[in-house]
Amino acid sequence: MIARLTDAERDAALAELPQWQTVDGKDAIRRAFRFKDFVEAWGFMARVALLAESQDHHPEWSNVYNRVEITLTTHDCKGLSARDVKLAKAIDQL
Ligand code: HBI
């Protein structure tokens, strides 16, 4: 079973993910993306989907035309884990 991050681990991870925000009322992180148009947004989502599948860790997300919002949390431990940090860093590098 994957473990939730401790408070110290959470703080350290967030310091390395300045573009991600914490989420009110949920142990999760969120980042909003904006693209030129729907095709660009969808292409990004396709790449994130492949990353997610390769890591067996999947985002909660939404898309409205050129905007994509991604929330990362780990359902298996009902909170933020190292898996979210790993996926967030990989997404940041796309
Ligand atoms: N994705 N965000 C998220 N959280 C999980 O706990 C999770 C997942 N993808 C696959 C997965 N867990 C598997 O380990 C199984 O629980 C399906």
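Details of the structure are given in the entry above.
Residues numbered from 1 in each chain as written. Predicted model: local features only at pLDDT ≥ 70, side-chain atom pairs only at ≥ 80, totals over all residues. Heavy atoms only, no water.

A contiguous nonpolar patch, built from Phe38, Val39, Trp42, Val64 and Tyr65 and spanning about 550 Å² of accessible area, is present on the exposed surface. Ranked by residues supplied to the nonpolar patch, first place goes to helix H2 (residues 38-55) with three residues. Looking at where tyrosine 65 falls in the secondary structure, it is placed in the loop between strand S3 (60-64) and strand S4 (67-72). (Patch = residues over 30% accessible without salt bridge, like charges linked within 9 Å, V, L, I, M, F, W, Y side chains within 5 Å. Areas by Shrake-Rupley, 256 points an atom, 1.4 Å probe, with all protein chains shown as cover. Salt bridge = Lys/Arg side-chain N within 4 Å of Asp/Glu carboxyl O. Helix = DSSP H or I, 4+ residues; strand = E, 2+ residues; numbered from the N terminus.)

The next point concerns the site of the ligand. If you check the shell around the ligand, you find Asp56, His57, His58, Thr73, Thr74, His75 and Asp76 and nothing else. The separation between a nitrogen atom of the ligand and a polar main-chain atom of aspartate 56 is 3.4 Å. At 2.9 Å, a backbone N or O of threonine 73 approaches a nitrogen atom of the ligand. When the ligand sits alone it has 390 Å² of accessible area, and the protein chains cover 69% of it. For the shell around the ligand, the class distribution of residues is no nonpolar, five polar and two charged. (Near = heavy atom within 4 Å. Polar contact = N/O pair within 3.5 Å; in protein donor to acceptor, adjacent residues only side chain to side chain. Nonpolar A, V, L, I, M, F, W, Y, C, P; charged D, E, K, R; others polar.)

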